[in-house]
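Next come the chains, spelled out residue by residue.
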Amino acid sequence: MNYSLRQLKVFITVAQAKSFSRAGEIIGLSQSAVSHSVKELELQTGVRLLDRTTREVVLTEAGQQLASRLERLLDELHSTLREAGRVGTQLSGLVRVAASQTISAHLIPQCIASSNQRYPHIDFVLHDRPQQWVLESIRQGEVDFGIVIDPGVVGDLQCESVLSEPFLLLCGMNHPLSQLPHVPWQALQGERLVLQDYASGSRPLIDTALLRHGIEAKIVQEIGHPATLFPMVEAGIGISVLPALALPLPQGNQLCVKRLTPVVERQLMLVRRKNRSLSAAAQALWEVVREQAQVLTAARVDDPLYQI
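Treat the numbers as computed from the prediction; the structure is a model and nothing was measured.

A. Seen up close, the packing of aromatic side chains. The tally for this structure, following the rule as stated, stands at one aromatic pair. A cation sits over an aromatic face here: arginine 129 above tryptophan 133, 5.0 Å from the ring centre. The cationic tip of arginine 272 hangs over the ring face of tryptophan 286; the distance from NZ or CZ to the ring centre is 5.4 Å.

B. A look at the side chain of serine 202. Along the chain, the position of serine 202 falls in the loop between β8 (192-196) and α8 (203-212). Note on serine 202: relative accessible area 2%, which makes it buried. With residues up to four places along the chain from it excluded, the contact list for serine 202 reads Ile149, Phe167, Pro243 and Arg266.

C. Expanded view of unusual backbone geometry. With an omega of 10°, the peptide bond between leucine 247 and proline 248 qualifies as cis. By the element assignment, proline 248 lies in the loop between β10 (240-243) and β11 (255-261). A cis amide bond links threonine 261 to the next residue, proline 262, at an omega of -5°. Along the chain, the position of proline 262 falls in the loop between β11 and β12 (265-273).

D. Main features of the packing of helix α1 (residues 5-17) against helix α2 (residues 20-27). The geometry of α1 relative to α2 is characterised by a closest axis approach of 8 Å and an angle of 125° between their N-to-C directions. Of the possible angle classes, the one that applies to α1 and α2 is oblique. As α1 runs across α2, the sense of the crossing is right-handed. Between α1 and α2, the contacting residues are Val10, Thr13, Val14 and Ala17 on the first element and Phe20, Arg22, Ala23, Ile26 and Ile27 on the second.

E. How the structure looks around the environment of glutamine 186. Relative to the helices and strands, glutamine 186 resides in the loop between β7 (183-184) and β8. With a relative accessible area of 43%, glutamine 186 lands in the partly exposed category. On a C-alpha basis, the gap between glutamine 186 and methionine 269 in space is 29 Å, while along the polypeptide they are 83 residues apart. Leave out the neighbours within four places in its chain, and glutamine 186 touches His213 and Ile215.

F. Representation of the packing of helix α6 (residues 108-118) against helix α10 (residues 280-299). As a packed pair, α6 and α10 sit with axes 9 Å apart at the nearest point and diverge in direction by 130°. Overall, the two elements α6 and α10 adopt an arrangement that is oblique. Helix-helix and strand crossings are classified by hand; for α6 and α10 the assignment is right-handed. The segment α6 lies against α10, with Gln110, Cys111, Ser114, Ser115 and Arg118 engaging Leu285, Val288, Val289, Glu291 and Gln292. Partitioning the contact of α6 with α10 into residue classes produces four nonpolar, four polar and two charged.

Criteria and thresholds
- Positions within a chain are numbered from 1, following the residues in the order the chain's sequence is written.
- Totals for whole chains, interfaces and linings use all residues, but because this is a predicted model, local features are given only for residues with pLDDT of at least 70 and pairs of side-chain atoms are given and counted only at 80 or more.
- Values shown for side chains rest on all heavy atoms present in the structure; no hydrogens or waters enter the calculation.
- Whether two aromatic rings pair depends on their centres lying within 6.5 Å, for rings of Phe, Tyr and Trp, where Trp uses its six-membered ring; planes under 30 degrees apart make the pair stacked, over 60 edge-to-face, and the rest tilted.
- Only Lys NZ and Arg CZ are tested; either one counts as a charge over a ring when it is within 6 Å of the ring centre and within 35 degrees of the ring normal.
- We count a stretch as a helix when DSSP gives it H or I for four or more residues in a row; a strand needs E for two or more, and each element gets its number in order from the N terminus.
- Note on classification: 1.4 Å probe, protein chains only; a residue is buried when its accessible area is under 20% of the maximum for its type, exposed when over 50%, partly exposed between these limits.
- Any pair of residues with heavy atoms lying within 4.5 Å of one another is described as a contacting pair.
- Orientation is described by lines fitted to C-alpha atoms, with helices fitted over the stretch in contact, and by angles between N-to-C directions that extend from 0 to 180 degrees.
- For classification purposes, an angle smaller than 35 degrees is called roughly parallel, one larger than 145 roughly antiparallel, one from 65 to 115 roughly perpendicular, and anything else oblique.
- Working rule for handedness: look at the near helix, and if it is turned counterclockwise from the far one by less than a right angle, call the crossing left-handed; if clockwise, right-handed.
- All residues other than Ala, Val, Leu, Ile, Met, Phe, Trp, Tyr, Cys, Pro, Asp, Glu, Lys and Arg, Gly among them, are scored as polar; the first ten of these are nonpolar and the last four charged.

Right, dumping it as structure tokens:
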């Protein structure tokens with residue numbers, strides 16, 4: 001049967017009002033439109049639903065049975081739709097967010113704190129994993145969204161850049177490069193480098209920068225966790241290139257951070273599955289991350305380390 005919800009609503013209104021004209025006034029249709037809608041429904045059901053007289057409209061036995069059942073069904077439908085609307089707009093529930101380790105350590109804590117203050121009924125659950133795991137968990141729907149370093153061309157994901165930040169040189173205070181106001185990339189030629197491994201989204205960007213500046217990289221250690229860079233460099237094993245988000249330096253260290261020139265930046269991006277809607281709660285946290293990235297950008301404006 002090819003009947004519409006509109007036809008059913010018109011029929012119920014006529015059954016309750018016992019008049020085509022009164023039903024039309026109630027639902028905002030002309031008497032002829034109401035009559036036509038009921039006739040279409042009768043054609044679809046194959047039975048007469050109403051007996052029409054000059055004075056009133058009377059339900060047939062089939063019409064009475066249909067009307068009684070339809071009232072309950074339409075009430076249930078309205079309740080279901082209201083509940084769906086409530087769930088779709090409520091700012092509560094569990095939101096899973098994935099991010100790589102540097103981002104998790106130096107941006108997400110502020111996001112969680114802001115979320116807890118503004119949306120106390122939303123549980124912000126962080127998954128702290130390498131970048132490739134983050135991307136795959138987004139694809140599989142295991143998390144609502146993620147924050148990653150620019151993954152390049154990914155046709156199945158929707159990406160939004162929220163933060164640009166430079167790569168910096170990390171060396172010991174007694175290293176010759178520590179005496180320069182800023183360090184050209186070419187100065188890394190022949191230096192022993194300690195870098196993050198390829199689980200980090202930064203590593204391909206660093207490799208590209210070294211190649212672009214004609215530097216034959218002498219990589220002596222490749223490590224997984226960014227915090228390991230600091231003791232490695234302080235021990236004199238080598239110098240390093242790290243993203244600004246890895247700062248601040250550990251307290252009481254003998255390390256130095258210098259601006260690398262020309263500036264090479266990485267883009268931090270909010271990432272979600274393409275053509276998939278976020279829940280109201282997840283969308284609220286997406287906005288929180290975006291706002292906190294803007295706060296961090298504003299805080300760096302007057303810092304000489306970030307001046308181009």
